[in-house]
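Coordinate analysis (summary)
Below, each chain spelled out in residue letters.
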Amino acid sequence: MARNLATSSLLVYSILSCSVLGENLTFFTEISILDHFPSFTEDFSAILNRVKTIAIAIDGDYYESGDFLGDLVPVVKHNHSVMVYYFSWDLDEQDLCFSAWRDEILQRFYAENYRRRKRSSAGMEGSLSDFQDSWFRTAITGYIVIVSLEMLPNAIDCLVDPLGIYLILLDVDATEEVLEKVYENIMIAWEVERSYEVYVMLHNDTLTIHPFMRNPLRNNSFGVLMNFRERPENFIKNMNGYPLRIEMFHSAFNYLRINKTTGVKYFEGTDAEAMRALRVFMNFTAIFQQPDGDMFGYKLPNGSFTGTLGRISTRKSDLALTGFFVKDYSNPDMEFTMPVYLDELCCVVQKAKQIPKYWIPLLCFHEYVWFCLLLSILASSSFWRAIRWCEERMFPDKELLIQLENQSSRKTLQLFIDTTIIFISSPLRRHTRVTSERMFIASVLMMSVVVVAIFQSNLSTAFTRPIYYRDITSLAALDKANLKIGVKYKGMLDDLFPPEDSELNEHLRHQIKIVDLLSIPLIEMVMKDPSLATVTRKSTVKLENAKYFHTGKVFLVPECPKMYNLAYVLPKNSVFFKQINFVMLHLDRGGFMGKWIQEMNWNTTWLNRRRLGFVEEEKFRIYDFVDFQLPFYVLLIGSVISFLVLLVEIYKSKKAKK
């Protein structure tokens, strides 16, 4: 490293960014570094034949690397786009490209007091960050890294990403010490970044690891160093029982169960069945991560994430087999599998109060129907009066007409009363013998039979099925009710009610309240507090919350604010992404995901019936005194009025005698 371009310890990309690394680059050196790697051309083609872009990192400067670049020209294909980076590492106490979470993983991999000596760049954090953004921006790509054995740990820590294909050149022979250090660093690339396309070329061999093969020389642990041609091409299909860190916890389609005899925890449900299918197809051992109180997790003000999102983004977990809504979590270090099912977010409010029993007979008809019946009585009595008016002018014998009509002294009022009596199918004491009136009364009687029959059937239905005041059936009604909307997960604040969609959503967004009481279901709080609403997944109404809706104390608002696809979550550029998606696609196309959801609904329905009783049993009930409140109230009111009229008549009769 004779020269450093500028005084910086890290020189970020210079020289070549071209479609062709062409013949117009000529370097005059007698000895090329490629002369030490007789199989470079053949191995280079086998490893990097799938990429069109190549990034070259050289531990040195432009003048020292001219011989290597000159010999690389005939090897690199003309359709490759090439970028070259030069490095110069300085010794310092600060760890370069090293963070706390990587340290935690390395402590599990190495002995407890082991600490690698690292090269770092003091005060160059900004330059390093800028370089890494540029370096990894070219993925998926092929990377050629030329470093010394001493600088190999730095290259692994700073340059390796899960998505790239790395060919690292070490200008040394394959001694036992060298192989040990190569194995150690490639395993770090796997343990920390899950990067398996890392190939180290020595003078006489090109090595990589098979992370899922057991090594008998290392206590039968996973990871064997071998020639890259000996590793199977599709080795990820069979993980040979490799422990995979999986995030699973209790959710809508995944139930956490505990064996009462052994105390062993296990899962059942759609997500659990998907996990078992993946385990069979990929042959791994599931290591369940213990969830924290944040469950799904959310973004903190400092940019980090809690819960499952945090562990996925820092690669402390390999896969989250709990359905996440497919939406923007502002987390660039995670990605979704293919969608596995659909669900909606709906609001739950307290059920409207039940209407008292004494009002039930009056509610058998809508108020418009009662009004039409009253108009019908008025119209019929008026028509009856018109018939009699015509008869009085056409009939010659007035006395005989009065006898036939059986008239009273108050003709109009009496006709209204008689018409009302006929409408309610009560017996009429005065019977007319005029044919025209009899025809009219017969038509009124036919109408009254229909009306009374409908009234009686509605009355029977009203007593067997409780009637409630009007529920909240829309988001506009929810906004008008001015209820607080309680949620437990802060991630729901992102796009539950997007304010840019409408003014209504903006109002509802201001009514959201974060509730920290994770031990108490929010639906139970809604049952007790009529000023509170909550949000739940529509699927949980049948699967988890049926007991609350069975009591008739809560109500699901039919208009739901959001519908989501749900998918599982992996770290960004995960090595398992393609294989997991391949399995999930076949499970979904084969109908297994839908089948498992239907099985959960079926099993939960029967369980709820055993616990809560059959809904059909509520259709048959015995009437009690409470159901007949209104008739007794009417009888009481009528008795009181008749008694008062009796007192008035007694008073008038005594006054008349005087």
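Summary of the structure given here. (Residues numbered from 1 in each chain as written. Predicted model: local features only at pLDDT ≥ 70, side-chain atom pairs only at ≥ 80, totals over all residues. Heavy atoms only, no water.)

**Observations regarding helix 18 (residues 577–589)**
Note: α-helices contain 3.6 residues per turn, so residues at a spacing of three or four share the same orientation. What counts is decided by this rule: Counting from the N terminus, the helices are the DSSP runs of H or I reaching at least four residues and the strands are the DSSP runs of E reaching at least two. Helix span is expected to be 1.5 Å times the residue number reduced by one. The buried label applies to any residue whose accessible area, calculated with a 1.4 Å probe on protein chains only, is under 20% of its type's maximum; exposed applies above 50%, and partly exposed to all values in between.
Here helix 18 spans 18 Å end to end across 13 residues, near enough to the 18 Å set by a 1.5 Å rise per residue. Within helix 18, the full set of buried residues consists of Gln-579, Ile-580, Asn-581, Val-583, Met-584 and Leu-587. One or two steps after helix 18, the chain reaches Gly-591, where phi turns positive at roughly 85°.

**Observations regarding the state of the cysteines**
Put simply, the rule reads: Two cysteine sulfurs form what is called a disulfide whenever their separation falls within 2.5 Å.
A full pass over the atoms with the stated rule returns 1 disulfide. Shown here is the disulfide that connects Cys-346 with Cys-560, its sulfur atoms set 1.8 Å apart. A torsion of 90° about the S-S bond marks the disulfide between Cys-346 and Cys-560 as right-handed. You can see Cys-346 sitting in strand 17 (residues 341–350) and its partner Cys-560 sitting in the loop between strand 21 (554–556) and strand 22 (562–571), a full 214 residues away along the chain.

**Some thoughts on the pairing of strand 7 (residues 165–169)**
Threshold: Pairing between strands is defined by DSSP: at least two bridges between them are needed. Think of it like this: strands point away, you trace from the first strand over the helix to the second, and a clockwise trace means the crossover is right-handed.
Across the 5 residues that make up strand 7, a large majority, 5, are buried. Bridge analysis of strand 6 (residues 142–146) against strand 7 gives 5 bridges, and the strand direction is parallel. In the strand pairing of strand 7, Ile-146 is matched with Leu-169. Once the chain exits strand 6 it traverses helix 5 (residues 152–159) before rejoining the sheet at strand 7, and the crossover so formed is right-handed. By the bridge criterion, 4 bridges tie strand 7 to strand 8 (residues 198–201) in an arrangement that is parallel. Each bridged residue has a counterpart across the sheet, and for Leu-167 the counterpart in strand 8 is Tyr-199. In the classification by handedness, the crossover that spans strand 7, the intervening helix 6 (residues 176–193) and the parallel strand 8 is right-handed.

**Overview of the packing of helix 7 (residues 270–282) against helix 18**
What counts, and what does not: Note on method: axes are straight lines fitted to C-alpha atoms, helices fitted across the in-contact stretch only, with angles between N-to-C directions ranging 0 to 180 degrees. Orientation categories follow fixed angle ranges, with anything under 35 degrees roughly parallel, anything over 145 roughly antiparallel, 65 to 115 roughly perpendicular, and all other angles oblique. Helix crossings fall into two classes, left-handed where the near helix is turned counterclockwise from the far one by less than a right angle and right-handed where it is turned clockwise. Here, two residues are considered to be in contact whenever any of their heavy atoms come within 4.5 Å of each other.
Running from N to C, helix 7 and helix 18 cross one another at 120°; their axes reach a closest spacing of 10 Å. Here helix 7 lies oblique to helix 18, going by the angle between them. Note on packing geometry: the crossing formed by helix 7 with helix 18 is right-handed. Counted together, Ala-274, Ala-277, Leu-278, Phe-281 and Met-282 of helix 7 and Gln-579, Ile-580, Val-583, Met-584 and Leu-587 of helix 18 form the full contact between these two elements.

**Regarding the nonpolar core**
Heads up, the condition is: The set of buried Ala, Val, Leu, Ile, Met, Phe, Trp, Tyr and Cys residues whose side-chain atoms join them within 4.5 Å is what this entry labels a nonpolar core.
Counting 100 residues, the largest nonpolar core has Ile-168, Trp-190, Leu-278, Leu-478, Tyr-568, Phe-576 and Met-584 as its most contacted members. Take this core: its biggest share by element is 9 residues, from helix 6. Setting aside residues up to four positions removed in sequence, Met-584 forms contacts with Ala-274, Leu-278, Met-338, Val-340, Tyr-568 and Met-593. Counting residues in hydrophobic clusters, the runner-up holds 21 residues, among them Phe-37, Leu-48, Ile-165 and Phe-228.

**A closer look at the environment of Lys-572**
Looking at the element boundaries, Lys-572 is found in the loop between strand 22 and helix 18. According to the relative accessible area criterion, Lys-572 is partly exposed, its value standing at 33%. As a C-alpha pair, Lys-572 and Leu-163 span 409 residues in sequence and 8.9 Å in three-dimensional space. Setting aside residues up to four positions removed in sequence, Lys-572 forms contacts with Pro-162, Arg-315, Pro-332, Asp-333, Met-334 and Glu-335.

**Let's talk about the packing of aromatic side chains**
Describing an aromatic ring pair means giving the distance of the ring centres and the angle of the ring planes. Under the convention used in this document: Aromatic contacts are taken between Phe, Tyr and Trp rings whose centres are within 6.5 Å, Trp giving its six-membered ring; a plane angle under 30 degrees counts as stacked, one over 60 as edge-to-face, and the others as tilted. Sitting over a ring, as applied to charges here, requires NZ of Lys or CZ of Arg to be within 6 Å of the ring centre and within 35 degrees of the ring normal.
In total, this model carries 23 aromatic pairs according to the counting rule given. Taking the centre distance of 5.7 Å and the plane angle of 45° together, the rings of Phe-212 and Phe-235 count as tilted. Of this pair, Phe-212 sits in strand 9 (residues 206–215) while Phe-235 is found in the loop between strand 10 (221–227) and strand 11 (242–247), placing the two residues 23 residues apart along the sequence. By relative accessible area, which is 1% here, Phe-212 ends up buried. Here the aromatic rings of Phe-296 and Phe-324 are separated by 5.0 Å at their centres, their planes lie at 85°, and the arrangement is edge-to-face. In this pair, Phe-296 sits in the loop between strand 14 (284–289) and helix 8 (307–313) while Phe-324 sits in strand 15 (residues 319–325), placing the two residues 28 residues apart along the sequence. Judged by its relative accessible area of 1%, Phe-324 is buried. Among the aromatic residues, ring-to-ring pairing joins Trp-190, Tyr-196, Phe-212, Phe-222, Phe-235, Tyr-242 and Phe-576 into one connected group. The ring centre of Trp-190 lies 4.8 Å from the NZ or CZ of Arg-194, which sits over that ring. Here Lys-351 stacks its cationic end above the ring of Tyr-468, 4.8 Å away from the centre of that ring.

**Brief notes about the side chain of Thr-540**
Heads up, the condition is: Counting of polar contacts relies on pairs of N or O atoms within 3.5 Å, with two restrictions inside protein: one atom must be capable of donating a hydrogen and the other of accepting it, and residues adjacent in sequence are counted only when both atoms are side-chain atoms.
Here Thr-540 lies in helix 16 (residues 538–543). Taking relative accessible area as the criterion, Thr-540 reaches 6% and is therefore assigned buried. A polar contact is formed between the side chain of Thr-540 and the side chain of Thr-536, at a distance of 2.7 Å. In contact with Thr-540, not counting residues within four places along its chain, are Ala-252 and Asn-545.

**Comments concerning a nonpolar patch on the surface**
Definition in use: Residues forming no salt bridge and having over 30% relative accessible area are the ones grouped into patches, like charges within 9 Å of each other and nonpolar side chains (Val, Leu, Ile, Met, Phe, Trp, Tyr) within 5 Å. Only the protein chains shown count as cover for residues, and the accessible areas themselves come from Shrake-Rupley with a 1.4 Å probe. Any carboxyl oxygen of Asp or Glu that lies within 4 Å of a side-chain nitrogen of Lys or Arg is treated as forming a salt bridge with it.
Taken together, the side chains of Tyr-358, Trp-359, Leu-362, Leu-363, Trp-370, Tyr-633, Ile-637, Ile-641 and Val-645 define a hydrophobic patch exposed on the protein surface, amounting to about 830 Å² of accessible area. Residue contributions to the nonpolar patch peak at 4 residues, all from helix 20 (residues 629–657). By the element assignment, Trp-370 lies in helix 9 (residues 367–394).

**Here we look at the packing of helix 5 against helix 6**
Between two packed helices, what matters for the description is the angle formed by their axes and the separation of those axes. How we decide: Note that Gly is not counted as nonpolar here; it falls among the polar residues with everything else outside the nonpolar set of Ala, Val, Leu, Ile, Met, Phe, Trp, Tyr, Cys and Pro and the charged set of Asp, Glu, Lys and Arg.
The geometry of helix 5 relative to helix 6 is characterised by a closest axis approach of 10 Å and an angle of 10° between their N-to-C directions. Judged on the interaxial angle alone, helix 6 and helix 5 are roughly parallel. Contacts between helix 5 and helix 6 involve Leu-152, Pro-153, Ile-156 and Asp-157 on the former and, on the latter, Lys-181, Val-182, Asn-185, Ile-188 and Ala-189. Split by residue class, the contact of helix 5 with helix 6 holds 6 nonpolar, 1 polar and 2 charged.

**Looking at unusual backbone geometry**
For Arg-194, which is not glycine, the phi torsion reads 55° and is therefore positive. The topology assignment puts Arg-194 in the loop between helix 6 and strand 8. Exposure remark for Arg-194: the relative accessible area of 5% places this residue in the buried category. Phi is positive for Arg-315, close to 60°, though the residue is something other than glycine. Tracing the sequence through the fold places Arg-315 in the loop between helix 8 and strand 15. For Arg-315, a relative accessible area of 10% gives the class buried.

**A look at helix 1 (residues 40–48)**
We count it as follows: What the arc describes is the spread of directions from the helix axis to the C-beta atoms.
Those residues of helix 1 not exposed but buried are Phe-40, Asp-43, Phe-44, Ile-47 and Leu-48. For helix 1, the buried positions fall inside an angular range of 105° around the axis, keeping them on one side.

On their own, these measurements won't tell you what the molecule is for.
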